[in-house]
Amino acid sequence: LISPISRTSVPISPISVCQRLSVLTCSMAPVKSGNSWKNLLLLSSGNERLLDEEDIDFGSDVYALAESSTDELLSSWKVFTALKDESYDGRRLENAAWRLHAMQKLGKTPSFQAASQVTQGRCAFNKQAPISVQLDDAHLSHTHADLGKAVADSDGPHPMLDDSWAAKHLLGVCLKNKLSNDAIEEVLQVIQHVDFRPSDLPSTPEQLRALPHNQRPVCAIFTHSLERNGANNFCLYIARLLRHNQPLTIFSPKKGPMQEDFEKLGLEVTIMDTTSPKFLEDLSSALLKRRVGLLLANTIMRCDIILMAAELQMPSVWVIHESWPQDQLDHYAKEVFMCKDIDAAVIRKAFAAAGTIVFPSDMQRDLYNGMFKPQAGLTIYNGIPLQQLDAFKHTQDRRQVRAALGYTNQDFLVLHLGTVCSRKGQVFSAKACAKLITENKCTNLKQLIVGARYIREHEIKYIDQIFDVAASYGLSCRRWEELSEDEAGKPDITIMDIQAAVLRFYMAADVVLVPSLNEVLPLVICESMAFERPVVCSNIDAIPEALSDGVEGFLVPPGNADAIRDAVLRLYQSPELSKQMG
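Structural notes, computed from the coordinates. (Residues numbered from 1 in each chain as written. Predicted model: local features only at pLDDT ≥ 70, side-chain atom pairs only at ≥ 80, totals over all residues. Heavy atoms only, no water.)

## Some points on the overall build of the protein chain
Then comes step 1: Across its full length, the protein chain holds 26 helices and 16 strands.
Then comes step 2: Every one of the 582 residues in the protein chain was classed for burial, and the buried ones make up 47%.
Then comes step 3: By sequence separation, contacts in the protein chain at least 24 residues apart represent 64% of the contacts at least 6 residues apart.
Then comes step 4: In the form shown here, the protein chain has an accessible surface area of approximately 29200 Å², with 51% of it arising from carbon and sulfur atoms. (Helix = DSSP H or I, 4+ residues; strand = E, 2+ residues; numbered from the N terminus. Buried < 20%, exposed > 50% of the residue type's maximum accessible area, 1.4 Å probe, protein only. Contact = heavy atoms within 4.5 Å. Areas by Shrake-Rupley, 256 points an atom, 1.4 Å probe, with all protein chains shown as cover.)

## Side note on the packing of helix H20 (residues 426-438) against helix H21 (residues 457-472)
To describe two helices that pack against each other, one gives the angle between their axes and the distance between the axes.
Then comes step 1: Contact geometry for H20 and H21: axes closest at 9 Å, N-to-C directions at 10°. By the angle between their directions, the pair H20 and H21 is classed as roughly parallel. Every residue of H21 that contacts H20 at Gln426, Val427, Ala430 and Lys431 is listed here: Tyr462, Gln465, Ile466 and Val469.
Then comes step 2: A class-by-class count of the residues in the contact of H20 with H21 yields five nonpolar, two polar and one charged. (Axes fitted to C-alpha atoms, helices over the stretch in contact; angles between N-to-C directions. Parallel < 35°, antiparallel > 145°, perpendicular 65-115°, else oblique. Nonpolar A, V, L, I, M, F, W, Y, C, P; charged D, E, K, R; others polar.)

## Concerning the sheet that holds strand E8 (residues 357-359)
Then comes step 1: Read from one edge to the other, the open sheet built from seven strands follows the order E5-E4-E3-E6-E7-E8-E9, with strand pairing classed as parallel. Taken across any chain shown, the strands that pair with only one partner, and hence form the sheet edges, are strand E5 (269-271) and strand E9 (377-379). The sheet shows a mean angle of 25° between the axes of neighbouring strands, direction not considered.
Then comes step 2: Note: strand E3 (residues 218-222) against strand E6 (residues 292-298), five bridges, orientation parallel. The residue bridging Cys219 from the neighbouring strand is Leu294, located in E6. (Pairing = 2+ DSSP bridges.)

## Section: the pattern of salt bridges
Then comes step 1: Tallying each qualifying case throughout the model produces 21 salt bridges.
Then comes step 2: Note that Arg423 and Glu519 form a salt bridge whose closest N and O atoms lie 3.6 Å from each other. Note that Arg423 is positioned in the loop between strand E10 (412-417) and H20 and Glu519 in the loop between strand E14 (511-514) and helix H23 (523-530), a separation of 96 residues in sequence.
Then comes step 3: Because the salt bridges share partners, they merge into one network encompassing Lys435, Glu439, Asp562 and Arg565. (Salt bridge = Lys/Arg side-chain N within 4 Å of Asp/Glu carboxyl O.)

## A few points about the pairing of E6
Then comes step 1: Counting buried positions along E6 yields five of seven residues, so the element is predominantly enclosed.
Then comes step 2: A crossover connection joins E6 to the parallel strand E7 (residues 316-319) through helix H14 (residues 303-312); in handedness this β-α-β unit is right-handed. (Right-handed = clockwise from strand over helix to strand, strands pointing away.)

## Notes on the environment of Thr223
Then comes step 1: Counting through the fold element by element, Thr223 comes out in the loop between E3 and helix H11 (230-242).
Then comes step 2: Taking the relative accessible area as the measure of exposure, Thr223 reaches 0% and is therefore buried.
Then comes step 3: Once residues within four sequence positions are removed from consideration, Thr223 is found in contact with Asn232, Cys235, Ile250, Phe251, Ser252, Pro253 and Arg302.
Then comes step 4: Among the polar contacts made by the side chain of Thr223, one reaches the main-chain carbonyl oxygen of Ser225 at a distance of 2.7 Å. (Polar contact = N/O pair within 3.5 Å; in protein donor to acceptor, adjacent residues only side chain to side chain.)

Structure below.
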């Protein structure tokens, strides 16, 4: 049976929990007592036993529905949706609500026995009068499964339900959201408090959630390190946004330069060695001491925290920044990211146990599809602090920023910002810039690579490869930290260590390169766009979800230095195109 509501074009949209609570003060249309929804919601006409949906003959009733007006159908449907749930009984309720309407049009009269069997006490009737007379005056009792047996033993429904518009709508909200008795009691206590004034309530769920609340549980944010990188910057942005109305504490397996950033926000940073035999015991004690009630694990490498949260039955949010193919989990965990404590089996177990997983792109969510519960996965694109970026843009002079780095107004500066490692593809960008200078005669082109660190052997070797590329083309390549003030900006390629403040580099750049070989959705792309700089990116993973080829920049094949060169050359030769894309 196709619901007759499909005849109309009225959209029915879900609303948030906070919006549902505001039903007490919002302007909802009052429900007329004659609506068929609150009569015999689950009546089975003509039969004295409860039948399955597929056993009921809807024939004559369908014809009656076809003759119903749109207003009649909407009148029944609107109130049905206020009580609808996702259970089997909820689906029966939908069909039964329409059938009852049709029965009324045909003059059918359901029996008392059918009413008793189907409604299971949901409706109260006076047996001294015919049901057909009482259909429009029947009342929904309190015996819904989620509300418990509030008035099941009483002679009839509470008088308040007859007389109070607010009580009827509050009951509908409670039923629809399956609130427990305890939750309903807390809501009633707030409403009945002497200081309760509807005019004091915020007008939106976002405003309500933003209010300071000392009863919120402490949220523990677990980073995979405290090194400067995009994933940890994400945690820093989150902490800045939440710290005023959400108690926070930070945990990390090792120290790093970003510890100072979190501590400047007034947040406690706890270092806990994950390789210690007492790690879980010490962590449990630390969580209990800080009264932590919510865990946020950042990156796939904190799968240990998700497993612990599942074991403790503590709510958690897992933010995945990596793009690791399912058949290469061990390779990326052990060979690329050098993780000794996790493997494919542990990662899969964590995905299966996770309650909420946040992916920064649809592509990434699809990549891990099948490893997690469908309802657990959410796509939330990475955000950046636009106000902070705009404030920097409006208070800084670009010429002065470039001069501080040693670059003149005549230089065409190509920026590659990110941890220097094989995954980020700096060797290919260096080769592209070397060809532009030597083969395409872009003699005023300079490349600035920001993000070198000397803590892992394979990263140090990769930095050496960049020097080798420059040497093979007869170009100069120097570490920024080894340059004198007069030498700054003079080398063809400059490699700078990881920096805490990176906004000046976007301000100084003419074009930004993101030629990664494996990526999700790097913040560098969003931040470059915020500074109105054209971007040349690898056409991989979720990057096409953020950048359209030929609009905000160019998408090129990964690992292709010539494609990078061609894209940069177009921008070099056409300042108007650069301005348009920026």
